[in-house]
Amino acid sequence: LYKCDDYLESHLKIGAMRKLPVMSKVSRMTWDEIWMRPIDIQVKEEFEYYREELTLILEDLNKYPKDRNIIVEGAAILPEFIEAMKISDERVVFIIPTSEFQLEHYKKREWIHYLLKDCKDPEKAFENWMERDVRFANEITEMTWLYGKNLIVTDGSKSIKENFNTVEKFFELV
């Protein structure tokens, strides 16, 4: 299992060191500067950030033995990457939360408060963060439709087991 978020810090440092434009910029920003930017700028730069990070993710994945299957998980894997790499639909599923589901569950995460504690207005920073993620999710949803990729929208109405069963069907494991 390769969880993209587990490499976020190291990728940010490497990207800044390599002078990748968005990663370099973000590496110098405070949380306040990150979350208080206009939402449309945040969304645009989130996509640009992941486009820069893809090279680093692929470098990591190339270190694994070629005869092993790897599950790659994370928002950094955009539908456009899957399409460009010609990865078959039976090997990909995008799971996207509804805005209500995301807001409800993000509020419960302990590390959220740690990231926002130094912001001048933590509530507004959180609100902006969630709005950025909602808009990002909407664009990812549109991309999955455009490229005809498998999509699960999670709203909490199905159990983890039910969602797991849906993923199994997408991957033709049952």
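Residues numbered from 1 in each chain as written. Predicted model: local features only at pLDDT ≥ 70, side-chain atom pairs only at ≥ 80, totals over all residues. Heavy atoms only, no water.

A. Structural detail: unusual backbone geometry. Even without a glycine there, the phi angle at Lys19 is positive, about 65°. Tracing the chain through its elements places Lys19 in the loop between helix H1 (8-17) and helix H2 (21-27). One non-glycine residue, Glu172, adopts positive backbone phi at about 55°. By the secondary structure assignment, Glu172 is in the segment after helix H9 (160-170). Since its relative accessible area comes to 60%, Glu172 is described here as exposed. (Helix = DSSP H or I, 4+ residues; strand = E, 2+ residues; numbered from the N terminus. Buried < 20%, exposed > 50% of the residue type's maximum accessible area, 1.4 Å probe, protein only.)

B. Broad picture of the environment of Met29. If you trace the backbone, Met29 turns up in the loop between H2 and helix H3 (31-35). Sequence-distant contacts of Met29, that is, excluding residues within four places in its chain, are made with Ile34 and Arg37. (Contact = heavy atoms within 4.5 Å.)

C. The arrangement of the side chain of Glu52 in detail. The topology assignment puts Glu52 in helix H4 (residues 39-61). No salt bridge is formed by the buried Glu52. Its closest oppositely charged neighbour is Arg51, at 9.5 Å. A polar side-chain atom of Glu52 sits 2.8 Å from the main-chain amide nitrogen of Val22. Not counting chain neighbours up to four residues away, the residues in contact with Glu52 comprise Leu20, Pro21, Val22 and Met23. (Lys, Arg positive; Asp, Glu negative; His and termini not counted. Salt bridge = Lys/Arg side-chain N within 4 Å of Asp/Glu carboxyl O. Polar contact = N/O pair within 3.5 Å; in protein donor to acceptor, adjacent residues only side chain to side chain.)

D. Fine view of the packing of aromatic side chains. Inspection of the entire model under this criterion finds 9 aromatic pairs. Between the aromatic rings of Tyr2 and Tyr7, the centroid separation amounts to 4.3 Å while the plane-to-plane angle is 5°, which identifies the pairing as stacked. With relative accessibility at 0%, the residue Tyr2 sits in the buried group. For Tyr7, a relative accessible area of 26% puts it in the partly exposed group. Arranged with centres 4.7 Å apart and planes meeting at 35°, the rings of Phe47 and Phe136 form a pair that is tilted. Of the two residues, Phe47 sits in helix H4 while Phe136 sits in helix H8 (residues 122-147), which places them 89 residues apart along the sequence. Judged by relative accessible area, Phe136 falls into the buried class, the value being 9%. Grouped by ring-pair contacts, the aromatic residues Trp31, Trp35, Tyr106, Trp111 and Trp129 constitute a single cluster. Across the ring face of Tyr106, the terminal group of Arg109 is positioned such that the distance to the ring centre comes to 4.3 Å. (Phe/Tyr/Trp six-rings, centres within 6.5 Å; stacked < 30°, edge-to-face > 60°. Lys NZ or Arg CZ within 6 Å of the ring centre and 35° of its normal.)

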